[in-house]
Amino acid sequence: MQTSSDEVLIARIASGDRLAMQVLYARHHVRVYRFVLRLVRNEATAEDLISEVFLDVWRQAGKFEGRSAVSTWMLSIARFKALSALRRKPEDELDDEAAEAIEDHADDPEVTLAKKDKGSALRQCLAGLSVEHREVVDLVYYHEKSVEEVAKIVGIPEATVKTRMFYARKRLSELLKQHGIDRGWP
Amino acid sequence: MSRNTQDAPQSDIEALLPWHAAGSLSRRDAQRVEDALKRDPELARRYERVREELAETIHLNETLGAPSARAMESLFAKIDAEPARKTATAGGGLGLRMAAFFASFSPRTLAYAGAVAVLAIVLQAGLIGGLLFKETSGGGYRTASAPSTDPGVGAFTLIRFAPQATSDDINRFLSDNKLSIVAGPMPGGLYKVRVGMAAMPKADLAEVVKKLQQDKTIGFIAATQ
């Protein structure tokens, strides 16, 4: 239902309707922000990027062909901008952040408590996945995108989407094992 | 290969488990997965792990917060600084907006839309043609209260048919529910479909939408004016 009205909004935005842009922004900005934030791991950068994403939507609404849902189109734009921002970041800054996401908790003497709170451990490990794995996990589990939609957003074949999700889950199990939780797989 | 050391999904069904948990599979695939889960306890156990991951991914994302008002202020400051659009102004009619969209279509999309439009026209030809024949063959005049074929009169929905729906499916759906396509395809493969010959109260139209939504032929449906 919402997908249809998103398309109506895009048609109005294409004709310069600022109010339609506000409605679309209100409807999607939180999810787009979270998607970007999970990739760039910096709130200020994520805020700057969503502003750029929606500005692109404003500028390119007339070119939207409806081959995918509006949310899929916006996440494609967001992903492109997030990865471009990551490429611009100094390498050492990225490494520090990635390490922080995993090691902060892994070295914690309280790690054994994670066994008592599997959910918390899972969230820590989800945060420790690589960018490539994080994005596919988020797109499938949080943004509820189909195989076909993930393929469009990430720009890979559908079969690769399935295998990438499989390896992301496998890596998640490995990280959990490092946290002392053996799920029996892989 | 041991199931505890696998390097690839055991089956296509296993690879689909994350999408099944998220509810983003087609009905056909969802049914395949459901059937397999009933047959295979090990697969069902793995599915429980997927459900845990799903729950915690949602939890993690929901704790990320939301952007500050700064992001929106920055966006609309940039939009206000953009040059005015040359196309129709806000509030322009559907025709203008559709014209703007069709003008921006790629040749491939236009070809696709054209093919779908031909299908819709063929489907409508029988329905509307039959209706017109009935209305005009009974004596050469109509009363003011006779059902109107005016495309602007009635109760309407916007429909996108499911990608897997065949022309027979669409024909059956339109015929069984006494519907007619009055416009389309619009951007996104949407059609404006008349669901009643007279305007309906909003609640009644919502009920009709709810009922039609159950049909497998429907991809998306929403009430419209």
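A. Highlighting the overall build of chain B. Scanning chain B from N- to C-terminus turns up eight helices and four strands. Of the regular secondary structure in chain B, the N- to C-terminal order runs α-α-α-α-α-α-β-α-β-β-α-β. Looking at chain B residue by residue over its 225 residues, the buried ones come to 24%. Counting contacts in chain B only where the partners sit at least 6 residues apart, residues at least 24 apart contribute 62% of the total.

B. Expanded view of the overall build of chain A. Assigned secondary structure in chain A consists of nine helices and zero strands. Ordered by position in the sequence, the α and β elements of chain A form the string α-α-α-α-α-α-α-α-α. Here chain A, with 186 residues, has 47% of them falling under the buried criterion. Taking as baseline every contact in chain A between residues at least 6 positions apart, the subset at least 24 positions apart corresponds to 64%.

C. Expanded view of the environment of Pro18(B). Within the secondary structure layout, Pro18(B) lies in helix α1 (residues 12–22). For the pair formed by Pro18(B) and Leu54(B), sequence separation is 36 residues and the distance between their alpha carbons is 7.7 Å. Among residues more than four places away in sequence, those in contact with Pro18(B) are Val140(A), Tyr141(A), Met165(A) and Val50(B).

D. View of the pairing of strand β1 (residues 155–161) of chain B. All names here are of chain B. The buried fraction of β1 is high, at seven of seven residues. The alternating pattern of β1 places Ala155, Thr157, Ile159 and Phe161 on one face and Phe156, Leu158 and Arg160 on the opposite face, and all of these are buried. Note: β1 against strand β4 (residues 218–224), six bridges, orientation antiparallel. By the bridge assignment for β4, isoleucine 159 is matched with isoleucine 221.

E. Structural view of the environment of Lys162(A). Its location among the elements puts Lys162(A) in helix α9 (residues 158–178). When the C-alpha atoms of Lys162(A) and Val150(A) are compared, they prove to be 9.6 Å apart, with 12 residues separating the residues in sequence. When near neighbours in sequence (up to four residues on either side) are disregarded, Lys162(A) contacts Val147(A) and Ala15(B).

F. Inspection of the confidence of the model for chain A at higher detail. Per-residue pLDDT for chain A averages 86, and the proportion of residues at 70 or more is 82%. Across residues 98–107 of chain A, confidence stays below pLDDT 50; counting only partners more than four residues off in sequence or on other chains, it has eight contacts.

G. Inspection of the nonpolar core at higher detail. Counting residues in hydrophobic clusters, the biggest one holds 66 residues, and the most contacted among them are Ile13(A), Val32(A), Val36(A), Ile50(A), Ala78(A) and Val140(A). The element best represented in this core is helix α2 (residues 18–40) of chain A, accounting for 11 residues. Listed in part, the 15 residues of the second largest apolar core include Ile159(B), Ile170(B), Leu179(B) and Val193(B).

H. Layout of the confidence of the model for chain B. Residues and elements named next belong to chain B. Averaged over every residue, the pLDDT of chain B is 73; the share at 70 or more is 63%. In this model, residues 88–96 is a region of pLDDT below 50 whose contacts with residues beyond four sequence positions or in other chains number 14 contacts. Interface predicted TM-score (ipTM) for the complex: 0.85; the corresponding pTM is 0.62.

I. Local environment of the packing of α1(B) against helix α3 (residues 41–62) of chain B. All names here are of chain B. Two elements in contact, α1 and α3, have axes whose closest approach is 9 Å; the angle formed by their N-to-C orientations is 50°. By the angle between their directions, the pair α1 and α3 is classed as oblique. For the element pair α1 and α3, the recorded crossing hand is right-handed. Together, Glu14, Leu17, Pro18, Ala21 and Ala22 of α1 and Leu43, Arg46, Tyr47, Val50, Arg51 and Leu54 of α3 make up the contact between the two elements. Counted by class, the contact of α1 with α3 contains eight nonpolar, no polar and three charged residues.

What counts, and where the lines are drawn
Residues numbered from 1 in each chain as written. Chains lettered and ligands numbered in written order. Predicted model: local features only at pLDDT ≥ 70, side-chain atom pairs only at ≥ 80, totals over all residues. Helix = DSSP H or I, 4+ residues; strand = E, 2+ residues; numbered from the N terminus. Buried ≥ 20, exposed ≤ 12 C-beta atoms within 10 Å, placed from the backbone. Contact = placed C-beta atoms within 7 Å. Pairing = 2+ DSSP bridges. pLDDT = per-residue confidence, 0-100. Core = buried A, V, L, I, M, F, W, Y, C linked by C-beta atoms within 7 Å. Axes fitted to C-alpha atoms, helices over the stretch in contact; angles between N-to-C directions. Parallel < 35°, antiparallel > 145°, perpendicular 65-115°, else oblique. Left-handed = near helix turned anticlockwise from the far one by under 90°. Nonpolar A, V, L, I, M, F, W, Y, C, P; charged D, E, K, R; others polar.

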